[in-house]
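Examining the three-dimensional arrangement
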Amino acid sequence: MTAENNKKYIIGPLEKKHDKTEFNCGVDVLNQYLKIQASQDVKKNVAVTYALSTPASEKILGYYTLSSIGIFPGELPDELVRRLPRYPALPGILLGRLAVDSSCQGTGIGQYLLVDGLKRSLQVSNQIGIVAIIVDAKDNKAVKFYEHFGFLKLPENTHRLFLPISTIKKLELL
Ligand SMILES: CC(C)(COP(=O)(O)OP(=O)(O)OC[C@H]1O[C@@H](n2cnc3c(N)ncnc32)[C@H](O)[C@@H]1OP(=O)(O)O)[C@@H](O)C(=O)NCCC(=O)NCCS
């Protein structure tokens, strides 16, 4: 038995082997993204999709996407900007989409995906500069999900939240 077989979930970059045909998180735009757009975005180096499956099946039970993003200082709260150099744009990571199949929502997979995304972002931040992780929540319910994990709303944007990388470092996830 390999180490991978011992794990309950496997998360890795979206590949041809993954079965996305039945994925349904209850939000059409996020279902369609996985089925139609995700592979295109990977090919064009716009975003990387990370898919969660189990050792028993390639069926996708959840996914999230990561891209780099430039954050305009004016988007961030004053108290954070004051501590940063005055550059026209600051480097960030965008966790643009995160979704769990309806059949297993409420079983911890959303949290598992989010923590995986934070860990991956932390690893990247050891190699290139990252000020914060930005997330796009598609509605108020999704906003509450991210707030549950300490994300803060950007002052001028009700559906975009952030978490400073300095805060994530303190969580000692790695
Ligand atoms: C939002 C979503 C990703 C949550 O995933 P999930 O697997 O159901 O959530 P989990 O079981 O991992 O929950 C982890 C924790 O978050 C909390 N939580 C889950 N959804 C929440 C919400 N909408 N608001 C507040 N807290 C929430 C849970 O209560 C749990 O807390 P606990 O550990 O303190 O008990 C999932 O419901 C989903 O895919 N929804 C549709 C798509 C969507 O809204 N995506 C969000 C980004 S756009």
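Now for a quick tour of the structure. The shown structure was predicted, so the numbers you read here are calculated from the model rather than taken from an experiment.

A separate point is the overall build of the chain. Scanning the chain from terminus to terminus reveals six helices and seven strands. Reading the chain from its N end, one meets helices and strands in the order α-β-α-β-β-α-β-α-β-α-β-β-α. Computed over C-alpha atoms, the radius of gyration of the chain comes to 16 Å, within 12% of the 16 Å expected from 2.2 N^0.38 for 174 residues, which places it in the range of a compact globule. Along the three orthogonal principal directions, the C-alpha set of the chain runs to about 50 × 35 × 30 Å. In the chain, which comprises 174 residues, the proportion classed as buried is 43%. Taking the contacts inside the chain whose residues are at least 6 apart along the sequence as the reference set, 65% of them involve residues at least 24 apart. Per element, the accessible surface of the chain, about 10,000 Å² overall, is 52% carbon and sulfur. Counting 22 positive and 17 negative side-chain charges, the chain places the averaged centre of each group 2 Å from the other.

Taken in spatial order, the seven strands of this open sheet run E1-E2-E3-E4-E5-E7-E6, and their pairing is mixed. Strands with a single pairing partner mark the edges of an open sheet, and in this sheet they are strand E1 (10–13) and strand E6 (152–154). Neighbour-to-neighbour, the strand axes of this sheet turn through a mean angle of 35 degrees, independent of strand direction. Across three bridges, E6 lies against strand E7 (residues 157–164) in antiparallel orientation. Pairing of lysine 153 across the sheet is with leucine 161, part of E7. Across the face of the sheet, helix H5 (residues 140–148) comes into contact with strand E4 (90–100), strand E5 (132–136), E6 and E7 while running at roughly 15 degrees to E7.

The subject of this paragraph is the nonpolar core. Among soluble globular proteins, nonpolar side chains are generally buried collectively. Counting 29 residues, the largest nonpolar core has Tyr64, Leu95, Ile109, Leu113, Ile133, Tyr146 and Phe151 as its most contacted members. Of all the secondary structure elements, the ones that give two or more residues to this core are strand E2 (48–54), strand E3 (57–71), E4, helix H4 (109–125), E5, H5, E7 and helix H6 (165–170). For this core, the element with the highest residue contribution is H4, accounting for five residues. Setting aside residues no more than four positions away along its own chain, tyrosine 64 makes contact with Ile11, Val48, Thr49, Tyr50, Leu95, Arg97, Leu98, Leu113, Asp116, Gly117 and Arg120. Of all hydrophobic cores here, the second largest spans 13 residues; its members include Leu14, Phe23, Val27 and Leu34.

Quick notes on the rules
- Residues numbered from 1 in each chain as written.
- Predicted model: local features only at pLDDT ≥ 70, side-chain atom pairs only at ≥ 80, totals over all residues.
- Heavy atoms only, no water.
- Helix = DSSP H or I, 4+ residues; strand = E, 2+ residues; numbered from the N terminus.
- Rg over C-alpha atoms; globule rule 2.2 N^0.38 Å.
- Buried < 20%, exposed > 50% of the residue type's maximum accessible area, 1.4 Å probe, protein only.
- Contact = heavy atoms within 4.5 Å.
- Areas by Shrake-Rupley, 256 points an atom, 1.4 Å probe, with all protein chains shown as cover.
- Lys, Arg positive; Asp, Glu negative; His and termini not counted.
- Charge placed at Lys NZ, Arg CZ, Asp CG, Glu CD.
- Pairing = 2+ DSSP bridges.
- Axes fitted to C-alpha atoms, helices over the stretch in contact; angles between N-to-C directions.
- Core = buried A, V, L, I, M, F, W, Y, C linked by side-chain atoms within 4.5 Å.

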